[in-house]
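For reference, the chains in residue letters:
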Amino acid sequence: MKSVRPKKNLGQHFLTDLNIAKRIADTVDSCPDIPVLEIGPGMGVLTQYLVEKPRKIKAVEIDSESVAYLSERYPEMRDCIIAEDFLRMDLHALFEGRQFVLTGNYPYDISSQIFFKLIDNKELIPCCTGMIQREVALRMAASPGNKTYGILSVLMQAWYDVEYLFTVDEGVFNPPPKVKSAVIRMRRNNVTDLGCDEKLFKRVVKTVFNQRRKMLRVSLRQIFTTPPQTGFYEQEMMTKRPEQLSIAQFVELTNIIEAELKKQEKS
């Protein structure tokens with residue numbers, strides 16, 4: 001059976017260490033009794049351990065060469081290998097609307113987009129595991145006050161408990177990436193309602209972290225088409241920088257901004 005050639009344009013770095021592959025595959029056991037979707041199986045290094053588990057497994061792969069390889073190597077998976085782009089998929093159609101675990105060795109160049117789609121489908125995905133670039137994993141798991149705390153930290157931790165499990169060195173891949181990798185696990189927290197407008201929450205988080213070195217009273221100015229009423233920027237929170245705010249404080253900030261926007265609509 002001809003092996004698959006890693007493709008640079010798809011960000012493919014195939015894991016070659018089977019012990020690590022099994023450890024990653026076993027992370028899905030923390031969310032049992034529901035199906036699993038693997039993103040980017042490549043040559044099936046994780047797939048071989050996932051198919052041993054007593055649950056429904058599907059895999060989505062955009063590379064036609066990998067799809068052909070997987071179909072031949074895992075004939076029992078032939079009808080469960082989806083030759084599509086995950087970012088364009090309707091996730092509700094995957095398992096007839098059932099919840100599922102998301103896992104994989106995620107392509108570095110689209111990992112953030114994958115996790116933003118995860119947030120948009122959080123009611124379907126109670127658990128997500130897998131391997132990503134170490135730098136991204138550190139950002140996702142970072143706490144307020146940490147220099148790596150940012151947009152991804154806040155938006156992910158608003159809905160998921162993020163665990164940094166272990167680091168993976170460059171030498172266990174073909175071809176070796178230029179950076180270290182890390183395995184993470186995310187499980188839905190108990191939040192069902194943020195307590196603010198979710199769309200505005202995302203906008204506020206992205207706006208202030210795009211100028212993360214500036215105080216909120218400076219970075220928030222671009223939210224408003226009309227300057228806020230006197231005293232708005234004098235509030236104590238406005239002297240903080242975004243990395244100092246907890247998720248609860250971002251919710252509070254969003255509500256403060258929404259109230260001001262509504263005042264402007266009425267005036």
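Look up a bit, the structure's there.
Reading guide: rules and limits
Residues numbered from 1 in each chain as written. Predicted model: local features only at pLDDT ≥ 70, side-chain atom pairs only at ≥ 80, totals over all residues. Heavy atoms only, no water. Helix = DSSP H or I, 4+ residues; strand = E, 2+ residues; numbered from the N terminus. Areas by Shrake-Rupley, 256 points an atom, 1.4 Å probe, with all protein chains shown as cover. Lys, Arg positive; Asp, Glu negative; His and termini not counted. Charge placed at Lys NZ, Arg CZ, Asp CG, Glu CD. Contact = heavy atoms within 4.5 Å. Polar contact = N/O pair within 3.5 Å; in protein donor to acceptor, adjacent residues only side chain to side chain. Buried < 20%, exposed > 50% of the residue type's maximum accessible area, 1.4 Å probe, protein only. Pairing = 2+ DSSP bridges. Right-handed = clockwise from strand over helix to strand, strands pointing away. Phe/Tyr/Trp six-rings, centres within 6.5 Å; stacked < 30°, edge-to-face > 60°. 1 Å grid on protein atoms, 1.4 Å probe; cavity = no way out; pocket = protein on both sides within 12 Å on 5 of 7 lines; lining within 4 Å. Points joined across faces, edges and corners; volume = space filled by probe spheres on them. Nonpolar A, V, L, I, M, F, W, Y, C, P; charged D, E, K, R; others polar. Salt bridge = Lys/Arg side-chain N within 4 Å of Asp/Glu carboxyl O.

Draft legend 1. Local environment of the overall build of the protein chain. Helix and strand counts for the protein chain stand at nine helices and nine strands. A principal-axis box enclosing the C-alpha atoms of the protein chain has dimensions of 70 × 40 × 30 Å. Accessible surface, the protein chain as shown: approximately 13,300 Å² in total, 47% of it carbon and sulfur. Charge-centre separation for the protein chain: the mean point of 38 positive side chains lies 5 Å from the mean point of 34 negative side chains.

Draft legend 2. Examining the environment of Thr129 more closely. On the secondary structure map, Thr129 appears in strand β6 (residues 127-133). For Thr129 and Cys31, which are 98 residues apart along the polypeptide, the C-alpha to C-alpha distance reads 9.9 Å. Sequence-distant contacts of Thr129, defined by excluding residues within four places in its chain, comprise Ile24, Thr27, Val28, Leu102, Thr103, Gly104, Tyr106, Ile184 and Arg185. Reaching out from Thr129, the side chain makes a polar contact with the side chain of Thr103 at a distance of 2.8 Å.

Draft legend 3. Looking closely at unusual backbone geometry. One non-glycine residue, Asp33, lies in positive phi territory at about 70 degrees. Relative to the helices and strands, Asp33 is located in the loop between α1 (18-26) and β2 (36-39).

Draft legend 4. Expanded view of the pairing of strand β5 (residues 101-104). Because side chains alternate across β5, one face comprises the buried residues Val101 and Thr103, and the other comprises Leu102 and Gly104, equally buried. The pairing of β2 with β5 spans four bridges and is classified as parallel. By the bridge assignment for β5, Val36 is matched with Val101. Read as a crossover between parallel neighbours, the route from β5 over helix α4 (residues 111-120) to β6 is right-handed.

Draft legend 5. Representation of the sheet that holds β5. The sheet built from seven strands is open, its strands ordered β4-β3-β2-β5-β6-β9-β7 with mixed pairing. For this open sheet the edge positions go to β4 (81-82) and β7 (160-168), each flanked by a neighbour on one side alone.

Draft legend 6. Here's a closer look at the packing of aromatic side chains. Scanning all chains against the criterion turns up six aromatic pairs. Ring centres of Phe224 and Phe232 lie 5.3 Å apart, and the angle between their planes is 80 degrees; on these two criteria the pair is classed as edge-to-face. Using a relative accessible area of 8% as the deciding quantity, one classes Phe224 as buried. When the centroid spacing of 5.2 Å and the interplanar angle of 80 degrees are considered together, the rings of Phe232 and Tyr233 count as edge-to-face. In terms of burial, Phe232 and Tyr233 fall into one category: buried.

Draft legend 7. Empty space enclosed by the protein, seen in detail. Using the criterion set out here, one finds one cavity of 30 Å³ or more in the structure. Considered as a void within the structure, the largest cavity measures approximately 50 Å³ in volume. Together, Ile119, Leu155, Ala158, Trp159, Leu194, Glu198, Phe201 and Lys202 line the largest cavity. Broken down by element, the residue count for the lining of the largest cavity peaks at three residues, all from helix α7 (residues 198-209). When its residues are assigned to classes, the lining of the largest cavity shows six nonpolar, no polar and two charged.

Draft legend 8. Spotlight on the pattern of salt bridges. Using the criterion set out here, one finds twelve salt bridges in the structure. A salt bridge links Asp26 to Lys22, with the shortest nitrogen-to-oxygen separation between them at 2.8 Å. On the criterion of helical spacing, the pair formed by Asp26 and Lys22 is a turn pair, its members being four residues apart in helix α1. Asp26 gets classed as partly exposed once you look at its relative accessible area, which sits at 27%. According to the relative accessible area criterion, Lys22 is partly exposed, its value standing at 39%.

Draft legend 9. Expanded view of the environment of Thr239. Mapped onto the fold, Thr239 is located in the loop between α8 (216-219) and α9 (247-266). Looking at Thr239, the relative accessible area reads 37%, which means it is partly exposed. Sequence separation between Thr239 and Pro32 is 207 residues, and the spatial gap between their C-alpha atoms is 45 Å. Residue contacts for Thr239: discarding those within four places in its chain leaves Met215 and Arg217. Reaching out from Thr239, the side chain makes a polar contact with the backbone oxygen of Glu236 at a distance of 2.8 Å.

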